[in-house]
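Listed below, chain by chain, are the residues.
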Amino acid sequence: MLPFYGGIFIFFSAIIEMRGDPMKNNLRKTLLSQRDALSKEAIYIKSYAVYQALQSTKSYQESKNIFCFISFGSEIKTELILADALLNKDLYVPCIDKQTKKMVPVKMTTGTQLYKNNFGIYEPTYDPHADIPDHFDLAIVPGLAFDRRGHRIGYGKGHYDNFFSKYPVTHKAGIAFAFQIIVDLPNQDYDQTVDTIITEEEIISIPRLPK
Ligand SMILES: Nc1ncnc2c1ncn2[C@@H]1O[C@H](COP(=O)(O)OP(=O)(O)OP(=O)(O)O)[C@@H](O)[C@H]1O
Ligand SMILES: [Mg+2]
């Protein structure tokens, strides 16, 4: 009897696993087209509100080093965050390592040259021998959608899930437009949650549940 039930369990798990990705993919398509429909002015105004809200948080004020993405396309603009962090903190930005295709942190200073990668995203040159800190105080996380439990959907490469499974980060703050907060997101075991979500309308603190 047991192998029979075991077989059924594997069968249903496989179906759920197969359904997971199409669900995420449909959400990605819808949310990306909604985000692309925002005007440039709206993006700048909302991004400024997010920047100000982030500045008001203890996790930002107390952070000595931060990891923050360089925005592209219709994402929340991170220029102001990057400029402030360049002056006041140790700033690390993402780079895709050409060898491993994984996202790695690279220290950015005022003299750092940025180049467009294959996806049109600006990044610095990666030096695998450069020192990186043993942890990041704060990571600023992009996303196509978040829910109020801290679940996140990105572009679907698993870059941030992989990054957070490797590099210790004290506080993860997702930044998004208010319309990107969705009631309940599908999520898999490997999906990493955020601790806070900051939109132009509110700061959402996610209660940490025991694992
Ligand atoms: N820690 C990890 N190491 C390597 N691959 C991983 C890890 N976590 C997740 N993945 C893989 O990444 C793939 C995409 O994951 P998912 O659909 O959650 O992307 P995402 O979180 O939306 O992407 P991104 O973070 O790049 O925006 C999955 O197929 C998964 O197997
Ligand atoms: Mg994920």
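Residues numbered from 1 in each chain as written. Chains lettered and ligands numbered in written order. Predicted model: local features only at pLDDT ≥ 70, side-chain atom pairs only at ≥ 80, totals over all residues.

J.: Where do I start with the overall build of the chain in this structure?
T.: When you go through the chain residue by residue, the secondary structure sums to five helices and 11 strands. A total of 211 residues make up the chain; the buried ones form 29% of that total. (Helix = DSSP H or I, 4+ residues; strand = E, 2+ residues; numbered from the N terminus. Buried ≥ 20, exposed ≤ 12 C-beta atoms within 10 Å, placed from the backbone.)

J.: What is the right way to look at the nonpolar core in this model?
T.: The nonpolar side chains of soluble globular proteins are, as a tendency, buried together. Counting residues in hydrophobic clusters, the biggest one holds 38 residues, and the most contacted among them are Leu54, Ile66, Cys68, Ile140, Ala173 and Ile175. A total of five residues in this core trace back to one element, the largest contributor, which is strand β6 (residues 136-141). (Core = buried A, V, L, I, M, F, W, Y, C linked by C-beta atoms within 7 Å.)

J.: Even after reading the chapter, I still don't get the site of ligand 1, so can you show me in this structure?
T.: Around ligand 1, the structure places 14 residues, and the nearest of them are Gly154, Gly158, His159, Tyr160 and Asp161. At five residues, the largest contribution of residues to the shell around ligand 1 is made by helix α5 (residues 159-166). Residues belonging to the shell around ligand 1 are distributed by class as follows: four nonpolar, six polar and four charged. (Near = placed C-beta within 6 Å. Nonpolar A, V, L, I, M, F, W, Y, C, P; charged D, E, K, R; others polar.)

J.: Help me understand the sheet that holds strand β10 (residues 196-198), please; the structure alone is not making it clear to me.
T.: The strands making up a sheet are joined through hydrogen bonds of the backbone, oriented either antiparallel or parallel. Spatial ordering of the open sheet is given by β3-β2-β1-β6-β9-β10-β11, a layout of seven strands whose pairing is mixed. Looking at the sheet topology across the chains shown, the edges are occupied by β3 (103-108) and β11 (203-205). On average, each strand axis in the sheet is inclined to that of its neighbour by 25 degrees, with strand direction left out of account. In this sheet, β10 lies alongside strand β9 (residues 169-175) in parallel orientation, the contact comprising three bridges. Counterpart to Ala173 in the pairing with β10 is Thr196. In the packing of α5 onto the sheet, contacts are made with β3, β6 and β9, and the angle to β3 comes to roughly 75 degrees. (Pairing = 2+ DSSP bridges. Axes fitted to C-alpha atoms, helices over the stretch in contact; angles between N-to-C directions. Contact = placed C-beta atoms within 7 Å.)

J.: Looking at this structure, how should I read the confidence of the model for the chain?
T.: Reading fine detail from the predicted coordinates is not recommended where pLDDT is low. Confidence along the chain averages 91 in pLDDT terms, with 90% of residues attaining 70 or more. Here residues 1-20 scores under 50 on pLDDT; set against residues more than four positions off or in separate chains, the count is two contacts. (pLDDT = per-residue confidence, 0-100.)

J.: Quick question: what am I supposed to make of the environment of Gln192 here?
T.: Within the secondary structure layout, Gln192 lies in the loop between β9 and β10. Note on Gln192: 19 C-beta atoms within 10 Å, which makes it partly exposed. In sequence terms Gln192 and Gly158 are 34 residues apart; their C-alpha atoms lie 9.5 Å from each other. Those residues within four positions of Gln192 in sequence are excluded, and the remaining contacts are Tyr160, Asp161 and Phe164.

J.: Can you walk me through the environment of Pro124 in this structure?
T.: With respect to the helices, strands and loops of the structure, Pro124 is situated in the loop between β5 (122-123) and β6. Distance in space between the C-alpha atoms of Pro124 and Thr112 is 6.8 Å, their sequence separation being 12 residues. Non-local contacts of Pro124, meaning those with residues more than four positions away in its chain, are made with Val93, Cys95, Val106, Met108, Thr112, Gln113 and Leu114.

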